[in-house]
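Per-entry structural report
Given next are the chains, with one letter for each unit.
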Amino acid sequence: MRRPIHSRRPVAEILLLLLVALLLPIGPAVRAEEAPEPEIITTEQVRELARNLMQLHLCQHSMDHAFMKRMMKEFIKRLDGSKTIYLQSEVDEMLKKTPEELADIAQGIQEGNLKFFQDWIAEFKAKYLVRDDEFFKGLKDRKADVMKKITREEIEASKEDHNPKTEEERRNRILLLARSNFEFYRTYQPEDDAFILALKTLERLREKKTKIDADKDMAKEVMKAFMAALDPHSEYMDAEETEEFRNSMARSFSGIGVQIRACLAGAQVVEVIKNFPAWKSGQFEADDQIIAVDDFVLSGLPLDQVVKRIKGPKGTDVKITLRKALKEGEQERKLANVTLTRDTIEL
């Protein structure tokens, strides 16, 4: 299990957490109204965290050349974890730093000067992301390519631990991601819907990259790369990620008691959990589509955002709009509005 390092805690508490996190029990899920406010880690905090974590670590007490090489590799993973943006030759060039250059970068971190990484993010967006704009726009016209079955050879090739060598290989990797998405969604959606969902999923992944802010997100990305280089079993998390981590590990949460998965209309019900609000209402069944929550239309919303809207404090009401599963002989799905009172869902 990865151990979260949270920037809002005092430095001493963070260092203690790094040592004892594995020994502590996971607390209960945080209620929605208790979610931490959005935060931005500062360059000064990075400086203090880096210095103190180095002092605490059993083996790594300085940002030497080997450490800085690892950190730069981790920073590249942060930007291009799917290995579809950079060519291998571009990665090799980025890592081709002299000992003096690595020492300068390390000195910058120690002084709270992260301009090297700020410029890196800016170049990543301005030079590398934009070159695929037209390719992504054209995917909607390549339906046959996206629907093409993935071969065993392609699966094996995708496991190779290096970036693509050519532009053609790089574009094919992007296309392979779309095809993988399609093969998943087609298992429970009509092919046309699965195709649209496959492209939407790919677009959201790309959108996350385009939204990285060289000023606001720089320190967080540096801290994540730093922690990964220092200890592969630890991870820096901001407030929102800490909230998600706690919820994912919690044995209970407040909601309505349905398991859902993505669909174009919003979310599709996979299972109605017995003895909880949705089941008690008698209005929910597998294959129903949740299309609105409190009259907010869900179409186009990522699944995690749908879940956030359905969850809420215990005892509060939530209005769910359903497109009911088709019955034998029916031509169209019927609509139903159901108001439920959220309750604690035990996992």
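Thresholds, definitions, all that
- Residues numbered from 1 in each chain as written.
- Predicted model: local features only at pLDDT ≥ 70, side-chain atom pairs only at ≥ 80, totals over all residues.
- Heavy atoms only, no water.
- Helix = DSSP H or I, 4+ residues; strand = E, 2+ residues; numbered from the N terminus.
- Expected span 1.5 Å × (residues − 1).
- Buried < 20%, exposed > 50% of the residue type's maximum accessible area, 1.4 Å probe, protein only.
- Contact = heavy atoms within 4.5 Å.
- Core = buried A, V, L, I, M, F, W, Y, C linked by side-chain atoms within 4.5 Å.
- Axes fitted to C-alpha atoms, helices over the stretch in contact; angles between N-to-C directions.
- Parallel < 35°, antiparallel > 145°, perpendicular 65-115°, else oblique.
- Nonpolar A, V, L, I, M, F, W, Y, C, P; charged D, E, K, R; others polar.
- Polar contact = N/O pair within 3.5 Å; in protein donor to acceptor, adjacent residues only side chain to side chain.
- Left-handed = near helix turned anticlockwise from the far one by under 90°.
- Salt bridge = Lys/Arg side-chain N within 4 Å of Asp/Glu carboxyl O.

Below, the discussion takes up helix α11 (residues 191–210). Across its 20 residues, α11 extends 29 Å between first and last C-alpha, which sits within 8% of the 28 Å expected from 1.5 Å per residue. Among all positions of α11, only Ala-194, Phe-195, Leu-197, Ala-198, Leu-199, Thr-201, Leu-202 and Arg-206 are buried. Buried residues in α11 make contact with α6 (115–129), α7 (133–138), α8 (143–146), α10 (167–185) and β4 (258–263).

The subject of this paragraph is the nonpolar core. Within the largest apolar cluster, 42 residues are counted, with the highest numbers of intra-cluster contacts made by Met-71 and Phe-226. For this core, the secondary structure elements donating two or more residues are α2 (43–56), α3 (65–79), α4 (88–95), α5 (99–110), α6 and α12 (218–230). Here this core gets 9 residues from one element, more than from any other, and that element is α12.

Quick look at the packing of α6 against α11 now. The interhelical angle for the contact between α6 and α11, taken along N-to-C directions, is 135 degrees, at an axis separation of 10 Å. Considered as vectors, α6 and α11 are oriented oblique to each other. Here Phe-124, Lys-125 and Leu-129 of α6 come into contact with α11, specifically with Arg-206, Lys-209 and Thr-210. Tallied by class, the residues present in the contact of α6 with α11 amount to 2 nonpolar, 1 polar and 3 charged.

A few words now on the side chain of Asp-231. Positionally, Asp-231 belongs in the loop between α12 and β2 (234–237). A polar side-chain atom of Asp-231 sits 2.8 Å from a polar atom in the side chain of Ser-234.

The next subject is the packing of α3 against α4. Geometry of a packed helix pair, given as the angle between the helix axes and the separation of the axes. Where α3 contacts α4, the two axes come as close as 10 Å, and the packing angle between them is 145 degrees. Handedness of the α3/α4 crossing: right-handed. Counted together, Lys-69, Met-72, Lys-73 and Ile-76 of α3 and Val-91, Met-94 and Leu-95 of α4 form the full contact between these two elements. Looking at the contact of α3 with α4 residue by residue, the classes come out as 5 nonpolar, no polar and 2 charged.

A word on unusual backbone geometry. In most cases, non-glycine residues show a negative phi, while peptide bonds are predominantly trans. In the Ramachandran plot, Lys-83 falls in the positive-phi region, its phi being about 55 degrees despite a non-glycine side chain. Looking at the secondary structure, you find Lys-83 in the loop between α3 and α4. Positive phi, close to 70 degrees, is recorded for Asp-295, a residue that is not glycine. Mapped onto the secondary structure, Asp-295 falls in the loop between β6 (289–293) and β7 (296–297).

Another aspect to go through is the pattern of salt bridges. According to the stated counting rule, one finds 30 salt bridges in the structure shown. Arg-51 is the partner of Glu-48 in a salt bridge, and the nearest nitrogen-oxygen pair spans 2.3 Å. Taken together, the residues Glu-48 and Arg-51, both in helix α2 and 3 residues apart, mark about one turn of the helix. A residue is classified by how much of its surface remains accessible, and Glu-48, at 22% relative accessible area, is partly exposed. For Arg-131, the salt bridge identified is with Glu-90, shortest N-O distance 2.9 Å. With a gap of 41 residues between them, Arg-131 in the loop between α6 and α7 and Glu-90 in helix α4 connect regions that are remote in the sequence. Of the residues examined, Arg-131 reaches a relative accessible area of 25% and is grouped as partly exposed. Salt bridges sharing common partners tie together Glu-90, Arg-131, Asp-132, Glu-167, Arg-170 and Arg-171.

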